Amino acid sequence: MHIGYLGGLSGRVADLGEAGRNGVMLAVEEVNAQGGIRGRQVLVEYADDAQDPATAKLALQNLLKKNVQLLIGPMTSAMAQAVLPDIETAQLPTVSPTVTATSLAGRDDMLFRVAPSVKSYSDQMAQADYQAGARKVAIVLDLGNRAFSQDWALQYGEAMRRLGAQIVAEQSFTSGDDASYGRALDALPRQGVDTLMVVASAVDTVRLIQTARNRGLTPRFSASSWAGTEALIQLGGKAVEGMYSAQLFDRDNGNPDYLRFAARYRERFKQEPGFAAVGAYDAARAALDALTRTSGQGGTALKRALQEGGPYAGLQESWRFDRMGDTLRAVRIAEVRDGRFKVRD
């Protein structure tokens, strides 16, 4: 039984890709230890998309040449957008742990999404920021994951306006171009911004905050769901204390399945599991369950099994795919407090 994993295993989004790979690895090892799928061991081919569309398309073609029956990934909306035409051509059922862009929702295609939509995240994020005092907000977004970042800026901005806040500015930068941080920040108003929403990976969020503080900008900072990995705290330290981020899960959840997973994750990888690892584990378990029910068949039979299966017993909640391969799951707002993500009551 052959499946593939596609994620950013190098470059500035490697924290997301590596965590996803780790979650898949643990899920597959569990299934194999229980005898595999109908007596057959599951083999995983891991591929790096490097957060680059051309690399992602080539990596997918290489996976297809190895006859994978199912794909876990990609981990960002931009990469999903890049490979979706090839996934459709190949009729390859694909389960993404973390893709959330609105443009990829509500479509009867081969892409299944474990995480809720950008709107679900951004609406709750706007509520939390407004309650924290956000009234005049600037948004800075990374164009390297445009499918997600522009969607987040739009949905979050609309939610803030509905609450009565103002979006006083919106600027963009390009991941990896350090000079573009400064250009984006210099274009913001020097006065009248009480909150800066950063829509970027953990690495770029930290770098942008550090650049802002070096320029004497001291608004309250807030982050999109994309930034909510353990790398945000590891790299940001005290600079990210007090920041909010929308999250797929609660690190203090007491579900026994989650506690066992977290203990195994820490023992194996010497770090805490983040939302990408949790989402990837849930994605892999659902995918492997569907493969079991189709006796290893792929294509449309596996797509139907994914649509009709569930509810799946996720690490923290039961969930299922709808007819379009989307999910409706709980969203938590976490605050960085004393060097940890703590879900707000």
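Note that the structure is predicted; figures quoted are calculated from it, not measured. (Residues numbered from 1 in each chain as written. Predicted model: local features only at pLDDT ≥ 70, side-chain atom pairs only at ≥ 80, totals over all residues. Heavy atoms only, no water.)

Describing the overall build of the protein
Looking only at helices and strands, the protein has eleven helices and 14 strands in total. A globule of 345 residues ought to have a C-alpha radius of gyration of about 20 Å, and the protein, at 20 Å, matches this closely. Burial analysis of the protein (345 residues in total) assigns 59% to the buried set. Of the contacts formed within the protein by residues at least 6 apart in sequence, a portion of 69% connects residues at least 24 apart. Accessible surface, the protein: about 13400 Å² in total, of which carbon and sulfur atoms supply 47%. Put simply, the protein has 40 plus and 39 minus side-chain charges, and the middle of one group is 1 Å from the middle of the other. (Helix = DSSP H or I, 4+ residues; strand = E, 2+ residues; numbered from the N terminus. Rg over C-alpha atoms; globule rule 2.2 N^0.38 Å. Buried < 20%, exposed > 50% of the residue type's maximum accessible area, 1.4 Å probe, protein only. Contact = heavy atoms within 4.5 Å. Areas by Shrake-Rupley, 256 points an atom, 1.4 Å probe, with all protein chains shown as cover. Lys, Arg positive; Asp, Glu negative; His and termini not counted. Charge placed at Lys NZ, Arg CZ, Asp CG, Glu CD.)

Regarding the nonpolar core
The biggest cluster of nonpolar side chains holds 73 residues, and the ones touching the most others in it are Val95, Trp152, Tyr156, Phe261 and Phe321. Tallying contributions element by element places helix α10 (residues 275-293) first for this core, with 13 residues. The residues touching Val95, leaving out its near neighbours within four places in the chain, are Leu71, Ile72, Gly73, Phe112, Val114, Ala283, Ala287, Leu306 and Phe321. If you look at the next biggest cluster of nonpolar residues, it comprises 28 residues, including Phe221, Ile233, Met243 and Phe341. (Core = buried A, V, L, I, M, F, W, Y, C linked by side-chain atoms within 4.5 Å.)

Describing the pairing of strand β9 (residues 220-223)
In this sheet, β9 lies alongside strand β8 (residues 195-199) in parallel orientation, the contact comprising four bridges. Pairing of Leu196 across the sheet is with Phe221, part of β9. (Pairing = 2+ DSSP bridges.)

Here's the deal with the sheet that holds strand β2 (residues 43-48)
Taking strand neighbours across the sheet as the criterion, the five strands line up as β2-β1-β3-β4-β5 in an open arrangement whose pairing is parallel. Because the sheet does not close on itself, it has two edges, and the strands there are β2 and β5 (111-113). With six bridges connecting them, strand β1 (residues 2-7) and β2 associate as parallel partners. The residue bridging Tyr5 from the neighbouring strand is Tyr46, located in β2.

Structural notes on the packing of aromatic side chains
Here the distance between the centres and the angle between the planes together describe a pair of aromatic rings. Taken as a whole, this structure holds 13 aromatic pairs when the rule is applied. Consider the rings of Phe112 and Phe321, whose centres lie 5.0 Å apart with planes at 70 degrees: the pair is edge-to-face. Of this pair, Phe112 sits in strand β5 while Phe321 sits in the loop between β12 (318-319) and β13 (332-337), and the two are 209 residues apart along the sequence. Per residue, the accessibility class of Phe112 equals that of Phe321, and both read buried. Note on Tyr265 and Phe269: the rings are 4.8 Å apart at their centroids and 55 degrees apart in plane angle, and the pair reads as tilted. (Phe/Tyr/Trp six-rings, centres within 6.5 Å; stacked < 30°, edge-to-face > 60°.)

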